[in-house]
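The chain contents come next:
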Amino acid sequence: MPDALLTQLLDRVQLLEDKLAITELLAAYGPAIDSGSAEAVARLWTEDGIYDVDTGRMRGHREIIAMVRSQAHQRWITDGCAHLFEPGHIRIDGDTAVATGKSQVVIRDGEDFRVARITANRWEMARVDGQWKVTRRTARMLDGRADARALLAAGVDDSDSSQSR
């Protein structure tokens, strides 16, 4: 097999492995947050990672763990809730990546369930010691705000130079 073809195939396999690892990282968030597994949620982020949601901003594992253990979040868990994510649009550029998508928080309301929030999400990630970790998650409620739409648009803008390899 010519060296160029082998290199191309190895690059394509690496891209597929990276996208799978990122998809698994994103898929782990819902079960971790809904079960109250605070340390598992924090481990998805780098030590100094940022979770920037329209209701507040957390930096680092300690603050993320505190959010999961907070009375407000624990009440959602004990009353019944689910964080639901779409797969997301993933762009990889070497050892950094961005995944853009939407999420819903569904909560129990009596005998029924209702959507409490629908949010635009931008997950910025870095490969750290061979593993993908979140460096920053920006989440904005999709309630007509321009910043939420802009966040989604930036993730699928073809003029962005950080296309998937």
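Above this text sits the structure in question.
Attention here is on the structure that accompanies the text. Model, not experiment: these values are computed from the prediction.

Looking now at the overall build of the chain. Check the secondary structure of the chain and you find five helices and seven strands. Written out in order from the N terminus, the α and β elements of the chain read α-α-β-β-α-α-β-β-β-β-β-α. Considering only C-alpha atoms, the chain reaches an extent of 65 × 35 × 30 Å along its principal axes. Burial analysis of the chain (165 residues in total) assigns 38% to the buried set. Intrachain contacts of the chain at a sequence separation of at least 6 include 55% that bridge at least 24 residues. Accessible area of the chain: about 9400 Å², with a carbon and sulfur share of 53%. Computing the positive centroid from 22 side-chain charges and the negative centroid from 26, the chain places the two 4 Å apart.

Ile22, Tyr29, Val41, Trp45, Tyr51, Trp123 and Met125 are the most contacted members of the largest nonpolar core, which has 28 residues in total. Of all the secondary-structure elements, those providing two or more residues to this core are helix H1 (3-35), helix H2 (38-43), strand E1 (45-53), helix H3 (60-69), strand E4 (89-93), strand E5 (96-109), strand E6 (112-128) and strand E7 (131-141). No other element matches H1, which puts seven residues into this core. In contact with isoleucine 22, other than residues within four places in its own chain, are Ile90, Ile92, Ala97, Met125 and Trp132.

Here the focus is unusual backbone geometry. The phi torsion at aspartate 129 lies on the positive side, around 50 degrees, for a residue other than glycine. Mapped onto the secondary structure, aspartate 129 falls in the loop between E6 and E7. Residue aspartate 129 is classed as exposed on the basis of its relative accessible area, which comes to 79%.

A word on the pairing of E6. With 14 bridges joining them, E5 and E6 adopt antiparallel strand pairing. Following the sheet pairing, valine 105 is matched in E6 by arginine 117. Following E5, the chain reverses through two residues before pairing antiparallel with E6; glycine 110 in that reversal takes a positive phi of roughly 70 degrees. Summarising the sheet, E6 and E7 pair through ten bridges and their orientation is antiparallel. Within E7, the residue paired with glutamate 124 across the bridge is arginine 136. The antiparallel pairing of E6 with E7 creates a hairpin that spans two residues between the two strands, and aspartate 129 there sits at a positive phi of about 50 degrees.

Relative to the helices and strands, aspartate 48 is located in strand E1. Between the alpha carbons of aspartate 48 and aspartate 18 there is a distance of 22 Å; along the sequence they are 30 residues apart. Ignoring anything within four residues of it in the chain, the contact list for aspartate 48 reads Arg59 and Gly60.

Criteria and cut-off values
Residues numbered from 1 in each chain as written. Predicted model: local features only at pLDDT ≥ 70, side-chain atom pairs only at ≥ 80, totals over all residues. Heavy atoms only, no water. Helix = DSSP H or I, 4+ residues; strand = E, 2+ residues; numbered from the N terminus. Buried < 20%, exposed > 50% of the residue type's maximum accessible area, 1.4 Å probe, protein only. Contact = heavy atoms within 4.5 Å. Areas by Shrake-Rupley, 256 points an atom, 1.4 Å probe, with all protein chains shown as cover. Lys, Arg positive; Asp, Glu negative; His and termini not counted. Charge placed at Lys NZ, Arg CZ, Asp CG, Glu CD. Core = buried A, V, L, I, M, F, W, Y, C linked by side-chain atoms within 4.5 Å. Pairing = 2+ DSSP bridges.

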